[in-house]
Amino acid sequence: MPTSALARSRVHDNAIAAEVHTKNNLIYFSSASGYTHRFAEKLDLECARIPLKSHEPHLVADEPFVLLLPTYGGEKGERSIPPQVVKFLNDARNRHLIAGVIGAGNTNFGTAYCLAARKIAAKCNVPLLYKFELMGTPEDVTRVHQGLEVFWTRKSQNLK
Amino acid sequence: MTEKLKLAGHVEAINWNRIQDDKDVEVWNRLVNNFWLPEKIPLSNDVQSWNTLTEAEKLLTMRVFTGLTLLDTLQGTVGAVSLIPDAITPHEEAVYTNIAFMESVHAKSYSSIFSTLASTKDIDEAFRWSTENENLQKKAQIIESYYYGEDPLKRKIASTLLESFLFYSGFYLPMYWSSRAKLTNTADLIRLIIRDEAVHGYYIGYKFQKGLEKVSEERRQELKDYTFELMFELYENEVQYTHDLYDGVGLAEDVKKFLHYNANKALMNLGYEAMFPASVTDVNPAILSALSPNADENHDFFSGSGSSYVIGKAVNTEDEDWDF
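Our subject in this report is the structure included herewith. (Residues numbered from 1 in each chain as written. Chains lettered and ligands numbered in written order. Predicted model: local features only at pLDDT ≥ 70, side-chain atom pairs only at ≥ 80, totals over all residues.)

So, on to unusual backbone geometry. The phi dihedral of Leu134 of chain A falls on the positive side, at around 50°, and the residue is not glycine. Looking at the element boundaries, Leu134 of chain A is found in the loop between β7 (128–133) and α6 (138–159). A count of 28 C-beta atoms within 10 Å places Leu134 of chain A in the buried class. One non-glycine residue with positive phi stands out, namely Leu183 of chain B, at about 45°. Among the structural elements, Leu183 of chain B can be located in the loop between α8 (168–179) and α9 (184–212). (Helix = DSSP H or I, 4+ residues; strand = E, 2+ residues; numbered from the N terminus. Buried ≥ 20, exposed ≤ 12 C-beta atoms within 10 Å, placed from the backbone.)

Taken together, the contact pairs 39 residues of chain B with 38 residues of chain A. Listed by contribution, the elements that provide at least two residues to the side of chain B that touches chain A are α1 (22–33), α9, α11 (252–269) and α12 (285–291) of chain B. Per-element tally for the side of chain B that touches chain A: the top contributor is α9 of chain B, with six residues. A breakdown of the residues in the side of chain B that touches chain A according to their chemical character gives 17 nonpolar, eight polar and 14 charged. (Contact = placed C-beta atoms within 7 Å. Nonpolar A, V, L, I, M, F, W, Y, C, P; charged D, E, K, R; others polar.)

Our focus in this paragraph is the sheet that holds β7 of chain A. All names here are of chain A. What the five strands build is an open sheet, ordered β3-β2-β5-β6-β7; its pairing is parallel. Pairing within the sheet leaves two strands with one partner each, and these edge strands are β3 (48–49) and β7. Examined bridge by bridge, strand β2 (residues 26–28) and β3 share two bridges and lie parallel to one another. Opposite Ile27, over in β3, you have Ala48 as the bridge partner. (Pairing = 2+ DSSP bridges.)

All names here are of chain B. Two numbers describe how helix α6 (residues 134–147) lies on helix α10 (residues 217–246): the axes approach to 9 Å, and their chain directions differ by 155°. Relative to α10, α6 is oriented roughly antiparallel. Considering the relative orientation of α6 and α10, their crossing is left-handed. Taking contact as the criterion, the partners of Asn135, Leu136, Lys138, Lys139 and Ile142 in α6 are, on α10, Glu233, Leu234, Asn237, Gln240, Tyr241 and Asp244. (Axes fitted to C-alpha atoms, helices over the stretch in contact; angles between N-to-C directions. Parallel < 35°, antiparallel > 145°, perpendicular 65-115°, else oblique. Left-handed = near helix turned anticlockwise from the far one by under 90°.)

All names here are of chain B. Spanning 12 residues, α1 covers 17 Å between terminal C-alpha atoms, matching the ideal 16 Å at 1.5 Å per step. Along α1, the residues that are buried comprise Lys23, Asp24, Val27 and Arg30. In a view along the axis of α1, the buried residues occupy a sector of 135°, so they form one face of it. Every exposed residue of α1 that faces more than 90 degrees away from the buried side is listed here: Asn29, Val32 and Asn33. In this structure, the buried residues of α1 make contact with α4 (90–117) and α9. (Expected span 1.5 Å × (residues − 1). Arc of directions from axis to C-beta.)

On to the environment of Leu71 of chain B. Residues and elements named next belong to chain B. Counting through the fold element by element, Leu71 comes out in helix α3 (residues 55–82). The spatial distance from the C-alpha of Leu71 to the C-alpha of Ala263 is 16 Å, given a sequence separation of 192 residues. Those residues in contact with Leu71 that lie beyond four places of it in its chain are Ala140, Leu162, Leu166 and Phe167.

So, on to the packing of α1 of chain B against α4 of chain B. All names here are of chain B. Running from amino to carboxyl end, α1 crosses α4 at an angle of 25°, the nearest separation of the two axes being 9 Å. When the axis of α1 is compared with that of α4, the two are roughly parallel. When the axes of α1 and α4 are compared, the crossing they make is left-handed. For the pair formed by α1 and α4, the contact residues are Asp24, Val25, Val27, Trp28 and Leu31 on the first element and His91, Glu92, Ala94, Val95, Asn98 and Met102 on the second. Among the residues making up the contact of α1 with α4, the classes are represented as seven nonpolar, two polar and two charged.

Moving on, we get to α6 of chain B. Residue and element names in this part refer to chain B. For α6, spanning 14 residues, the distance from its first C-alpha to its last is 20 Å, which sits close to the expected 20 Å at 1.5 Å a residue. The complete set of buried residues in α6 reads Leu136, Lys139, Ile143, Tyr146 and Tyr147. Buried residues of α6 fall within an arc of 120° about the axis and therefore sit on the same side. For α6, the exposed residues set more than 90 degrees away from the buried face come down to Glu134, Gln141 and Ser145. Among the structural elements, α3, α5 (120–132), α7 (152–166) and α10 are those in contact with the buried residues of α6.

Residue and element names in this part refer to chain A. The element strand β5 (residues 65–70) is largely enclosed, with a buried count of six among its six residues. Of the two faces of β5, the one holding Phe65, Leu67 and Leu69 and the one holding Val66, Leu68 and Pro70 are both buried throughout. Strand direction decides the pairing type here: β2 and β5, joined by three bridges, are parallel. Within β5, the residue paired with Leu26 across the bridge is Val66. Two strands pair when backbone bridges link them, and β5 and strand β6 (residues 98–105) are joined in this way by six bridges, in the parallel orientation.

Function cannot be inferred from these measures alone, as they are strictly geometric.
Encoded structure:
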């Protein structure tokens, strides 16, 4: 390998190595339009956001977490999971701690409604906990807030 | 209306290799991938089903579709085009031209439905009704007056409310027929339109919110008040229109729930909180499931009855770039 290519690859590795760790039990992805971000804000829980840009440090979960994400993608639902989320779950440390999924979406997308969340639930063999539309109604916020509380309480009791 | 629409003031060659807003590319790609034409739907398979409808049901269906045709025509020829001069990026302009064209495809596809199912005389009669129905004309006029107005952000509000709210008094009916296994091919076509309108409403609403970032707090408040006032004005009119159409078949109350539900989504597309409480947005589950078979949401995991969710439903999980 020519030295210049080696040097470049090292820089690249360093960029990947930059990590941020989180102990929060809710991790979410939201695109630039920020609807899911606003839902997460309304939940008023400690949470971490999966980075949008590839130059931002990689997120690593240190505690079990529920993943909240919207659905993107084409007509047949291919690539409905944002690539940033695939990258996040490709890290074994993260996917071993995922405990459940919550999906945001729009029923206008028919069979693709919350497809990304359904796919991740199936792929990681964890429950799909809840689905809501766009940035969620006040009822959605209440149900998710209460639901997560019960969910984590049960989890901790089962562990004892 | 005879006023001239404003055109984009200054045009430079569009460079798709210099992107200012990733959303423009994302939405452009989404719209291109979603492209369809009515010819791909086998509408003629609905002829038999159409013949099982009563005369009143046929008349209602024709009227609903002429109403939708009017809105799509308005959005294709005026609405989406009126957004171009105020685009923040050249790629945003290109997305609006795509939206405008697709609205014209939607408008044309209702004619495909008509020509497959009805006689020329009945078609002409339905179009005549659409020009004479006061409430239908009024909703088009309210929106049109903002398209010709001076305020670019208000144009986006009007456009998003049209895309995400005003269509739904009409969209209800093909979903209703579909839930009763009638006109199912027509419903397939309408679902494609519904999907497109969601992308349009999302994008225009997103650009509205980008615009809000650049204005004063006072102006933001003004636009928020304006949005809710316009929503109320349109809602009142939609209720009247819904009664005009659906009273004869006894569905008006059911349609209104669908209106509330979609009004909330329209507001959310603009970044505002839902306005109608859950007690009036409980859309008939049959309608919701005709819209999205995965919206069967009375049993979520949190409520304790969602055991079926523990095991992921049959979805193809392998079309992503997994490493595991």
